[in-house]
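Descriptive structure summary
These are the residues of each chain, in order.
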Amino acid sequence: MTNYSKSFLYFICMVSAMGGLLFGYDWVVIGGAKPFYELYFGITDAPVMQGVAMTTALVGCLVGAMVAGAAADKYGRKPLLMVSAVLFTVSAIATGLFNDFTLFNIARFIGGIGIGVASALAPMYIAEVSPAEIRGRMVSLNQMTIVLGILSAQIVNMLLARETSVPENQVWNVEWGWRWMFWAETLPAGLFLIMSFFITESPVFLALKRGTATKSQHTEQAGLGTLFRKKYATVLLLGLVIAVFQQWCGTNVIFNYAQEIFVSAGFDVDGMFINIVITGIANVVFTFVALYTIEKWGRRTLMLIGAGGLGCIYLVLGVCYYLGVTGVLMVVLVVAAISVYAMTLGPVTWTLLAEIFPNHIRGIAMATCTFALWVGCCTLTFSFPSMNAVLGSSGTFWIYSAICICAFVFLFLRCPETKGKSLEELEKELVKN
């Protein structure tokens, strides 16, 4: 593998991870814009249309993830990262520009494709350029930029949303506020595009293309047919479960449906924005914790802490919703859930997915698992309004708790420890010949 200077290694990893920042911003900005564009488009009493607006970008994620692996194996990691930067820029401008609900969703779909591409390629690229002893920490930089993007979107939303108790401010929010929330993304998107010209191609991709990979690597065509061979069944199942569970653990509905969650806990819209920023700060702080624990505690331990911890927190949160508890306690529980997720399932999922697959199938395997992750995100996001309406917040969080407990059992039985091992060592350990 190519040896880079430490400073250049950090530079190319941070540039790649900017895809994560845009991923986080584009993914969460809609949560703050939601109360206003729903009024603008007249869908405040249409749960299905609300679900469509929240899910359109996620459908784009599926498309982006689906094409990312094969395209990255054919054209390289760098060009695909540049394409994602263009898609983010176009989507940010168009989403705020359109006055038609259909065109609004098309623009969100384009941004979703960018998210799907970036979410599949950024952690894979970082894993392929990083030495084994710091690989977990470097891949976690991608999660750090994701949460910084999330926090940026939350702060921008709070600063742009004028006090809703004043009628003229509410009019501005509905007419223009939500548009500027999306337009603010164009600055980091443009910066990502410019800086992506200065990164190198992945040495793993160059080795595979130049025929310098091992015999086993360049005698197989890395397509879906290869991926679904029996010898990869165990590692593929592990990757798919980890990917889907990161979404079905339920934490991400807190970002996308913050309005419903905090209003149900007794807060008005202005209080909602403040609480969203609080959760965003916790998200960033505990992702920093993950940067230091992922190489010390290991991936397996953190995944088990995440699954078990969230299972318990959601159980208590459901009880509180059932008993009608409101106020600070509910914010504390939500922040606790975000904190546990941020130091465990958030960063460790991407690290494991980037580590567990052999070099010659990593592109298609990463794309397949990322596709599964976004399927999980789509189903979670689309189903929440209906589940919340039928089961209430208590029943919804009890279901998430049960999912976390089941995942804890699976991870305890199947999840390996990967810290400190080279990608080649992991291939020998995890792939059954």
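Preceding block: the structure.
Here goes a summary of the coordinates provided. These numbers come from a predicted model, not from an experiment.

**Focus: the packing of aromatic side chains**
- Evaluated as defined, the whole model comprises 19 aromatic pairs.
- Ring plane angle 40° and centroid distance 5.1 Å describe the contact between Y37 and F104, whose orientation is recorded as tilted. Within this pair, whereas Y37 is found in helix α1 (residues 6–41), its partner F104 is found in helix α4 (residues 101–129), the two being separated by 67 residues in sequence.
- The class of Y37 is buried, set by a relative accessible area of 0%.
- Ring geometry for Y322 and W398: centres 5.8 Å apart, planes at 40°, overall tilted. With Y322 in helix α15 (residues 299–323) and W398 in helix α18 (residues 362–414), this pair connects stretches of sequence that are 76 residues apart.
- Three or more aromatic residues joined by ring pairs form one cluster here, namely Y37, Y40, F41, F101, F104, W178 and F182.
- Positioned over the ring face of W176 is R179, at 5.6 Å from the centre of the ring.
- Above the ring of F412, the side-chain terminus of R300 is found at 5.4 Å from the ring centroid.

**A short note on the nonpolar core**
- Membership of the largest hydrophobic core comes to 125 residues, with the highest contact counts inside it found for W27, Y37, L310, W374 and L411.
- Setting aside chain neighbours within four positions, we find W374 in contact with F23, W27, L58, C61, L62, A65, I115, G116 and S119.

**Quick word on helix α19 (residues 423–430)**
- For α19, the complete set of buried residues consists of L423, L426, E427 and L430. With its buried residues spanning 105° around the axis, α19 presents them on a single face.

**Observations concerning the packing of helix α11 (residues 233–248) against helix α17 (residues 345–355)**
- Viewed as axis vectors pointing N to C, α11 and α17 meet at an angle of 155°, and their least axial separation amounts to 10 Å. On the basis of the axis angle, α11 is roughly antiparallel to α17. Crossing hand, α11 versus α17: left-handed. Where α11 abuts α17, its residues G239, I242, A243, F245 and Q246 lie against L345, G346, T349, W350, L352 and L353.
- Looking at side-chain class alone, the contact of α11 with α17 contains seven nonpolar, four polar and no charged residues.

Conventions adopted
Residues numbered from 1 in each chain as written. Predicted model: local features only at pLDDT ≥ 70, side-chain atom pairs only at ≥ 80, totals over all residues. Heavy atoms only, no water. Phe/Tyr/Trp six-rings, centres within 6.5 Å; stacked < 30°, edge-to-face > 60°. Helix = DSSP H or I, 4+ residues; strand = E, 2+ residues; numbered from the N terminus. Buried < 20%, exposed > 50% of the residue type's maximum accessible area, 1.4 Å probe, protein only. Lys NZ or Arg CZ within 6 Å of the ring centre and 35° of its normal. Core = buried A, V, L, I, M, F, W, Y, C linked by side-chain atoms within 4.5 Å. Contact = heavy atoms within 4.5 Å. Arc of directions from axis to C-beta. Axes fitted to C-alpha atoms, helices over the stretch in contact; angles between N-to-C directions. Parallel < 35°, antiparallel > 145°, perpendicular 65-115°, else oblique. Left-handed = near helix turned anticlockwise from the far one by under 90°. Nonpolar A, V, L, I, M, F, W, Y, C, P; charged D, E, K, R; others polar.

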